[in-house]
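What follows is each chain in one-letter form.
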Amino acid sequence: MLTKDYFFELPPELIAQEPSEKRGEDKLLLIDRKRGCWEDHMMSDFPSLLYPESVIVVNNSRVRKARVYGEAETGGKVEFLFLGKEDDGAWKCMVTKTKRQKRGKQYAFLLHDGEKSGTCGEIIRENSDGTRSIRLSEDDGEVFFQRCGHVPLPPYIKREDNWSDESRYQTVYAKKMGSVASPTAGLHFTPDLMDKVKAMGIEIYEVTLHVGAGTFLPVRTENIEDHHMHTEHYEIEAGTAEALMKAKRDGKRIVAIGTTSVRTLESAADENGNLFRLTGDTDIFIHPGYRFRFVDDLLTNFHTPESTLLMLVSALAGKDLIFSAYQHAIEDRYRFFSYGDATFIRG
């Protein structure tokens, strides 16, 4: 399978630069695998599109304000994306102008108004994957990110973050801090929509997968099979796993909200559909030919050309159906990517 086979032309104006005016007021394209067709809906229709015997799984990871600007000793401005904390207390970061950022270099981190915060950092390691390990002079955890951090909007959103992104780039059920990108399918949910789903007798369960920067990395290999996935950490509580396995045994459909929920469940499941790896780091790569062990249906956004996420939805629904549905979405002026509209892939 060739990466180029997953390319499609997308008019730039269809890449959503802002969220919808009101959360949940988005288009929803139903992609019906059983009938091999699609239908236009609104997100408010989602509860009525669920099979009655379903359970829903959401990713409750919370997005950290992980993009921080620093000033080098030479006066140059450097952008850091804080990926996560390492065992020795340093922070692993992606850094702009990477080759210039050497071990021993020091930076003063800046407040939102551009003034120096009083917190400094020093590169203590140059890592083989191109990242840098930074030691902070004062590590007060999330207080530092609240003072200095910016919402880490994806690179295809061509603007600076603003105050509204602090809430709109976060799901309403976000709890556990650790992502550098939002599990964006969940951005369509409102408390009212969740109440309507629960009123139908459909239970909602939470898992956690902390989304890494690798979610935006393109596949750079000619052949899909040669691509190596980034690693992300996930967790499923034992009680949740037991409830989901019972639902599966009872013949209920497992509806994943977002590809991160899919990756969590499929990483935890064995060949018999038992969830037995309840915590760990996953680099699972789901592409056509993959046999799903646990997930039946998927609510997700529209994905970028030649991306692993486009390959994942093609594995679930079939590449031809996905590409036909995407072409319809382009013609019907759906909004694409993180702040865009949604698809519901149903069996």
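Residues numbered from 1 in each chain as written. Predicted model: local features only at pLDDT ≥ 70, side-chain atom pairs only at ≥ 80, totals over all residues. Heavy atoms only, no water.

Q: Mind showing me how you'd approach the state of the cysteines here?
A: Disulfides are covalent bonds that connect the sulfur atoms of two cysteines. Applying the stated criterion across every chain, the model contains 0 disulfides. Distance from the sulfur of C120, which forms no disulfide, to the nearest cysteine sulfur (C148) is 10 Å. (Disulfide = S-S within 2.5 Å.)

Q: Any chance you could explain the nonpolar core here in plain terms?
A: General note: in soluble globular proteins, nonpolar side chains tend to be found buried as a group. If you look at the biggest cluster of nonpolar residues, it comprises 65 residues, and the most contacted ones within it are L265, L275, I322 and F336. For this core, the secondary-structure elements that each account for two or more residues are β1 (27-32), β3 (54-59), β13 (203-209), α5 (238-249), β15 (253-257), α6 (259-268), α7 (308-317) and α8 (319-331). When sequence neighbours within four positions are dropped, the list of residues in contact with L275 reads A241, L244, M245, L265, A268, A269 and F294. Counting residues in hydrophobic clusters, the runner-up holds 21 residues, among them Y173, V197, I257 and L299. (Core = buried A, V, L, I, M, F, W, Y, C linked by side-chain atoms within 4.5 Å. Buried < 20%, exposed > 50% of the residue type's maximum accessible area, 1.4 Å probe, protein only. Helix = DSSP H or I, 4+ residues; strand = E, 2+ residues; numbered from the N terminus. Contact = heavy atoms within 4.5 Å.)

Q: What should I look at first to understand the sheet that holds strand β2 (residues 37-42) in this one?
A: What holds strands together in a sheet is hydrogen bonding between their backbones, with the strands either parallel or antiparallel. Spatial ordering of the open sheet is given by β2-β1-β18-β17-β15-β3-β13-β14-β16, a layout of 9 strands whose pairing is mixed. Bordering the open sheet on either side are β2 and β16 (279-282), each of which pairs with just one other strand. Each strand of the sheet is rotated relative to its neighbour by a mean of 25°, with strand direction disregarded. Pairing of strand β14 (residues 232-235) with β16 involves 4 bridges; the strand directions are antiparallel. Residue pairing across strands places E235 opposite T279, the latter belonging to β16. (Pairing = 2+ DSSP bridges. Axes fitted to C-alpha atoms, helices over the stretch in contact; angles between N-to-C directions.)

Q: Where do I start with the pairing of strand β10 (residues 132-136) in this structure?
A: Every regular strand shows the same layout, with side chains that alternate between the two sheet faces. Taking burial as the measure, the 5 residues of β10 include 4 buried ones, the bulk of the element. Here strand β9 (residues 116-126) runs beside β10; their pairing, made up of 5 bridges, is antiparallel. Across the sheet, the residue bridging to R125 is S133, located in β10.

Q: Even after reading the chapter, I still don't get α8, so can you show me in this structure?
A: Across its 13 residues, α8 extends 18 Å between first and last C-alpha, which sits within 8% of the 18 Å expected from 1.5 Å per residue. Taken together, the buried positions of α8 are L321, I322, F323, A325, Y326, H328, A329 and I330. Those residues of α8 that are buried are in contact with β1, β2, β17 (297-301), α7 and β18 (342-346). One or two positions beyond α8, positive phi appears at R333, with a value near 65°. (Expected span 1.5 Å × (residues − 1).)

Q: Help me out: how do you make sense of the environment of S137 in this one?
A: Considering the arrangement of structural elements, one finds S137 in the loop between β10 and α2 (142-148). Among the residues examined, S137 registers a relative accessible area of 48% and is labelled partly exposed. Separated by 168 residues in the primary sequence, S137 and P305 have C-alpha atoms spaced 41 Å apart. Ignoring any residue separated from it by four or fewer positions in sequence, one finds S137 in contact with G118, T119 and C120.

That's the geometry; what it means functionally is another story.
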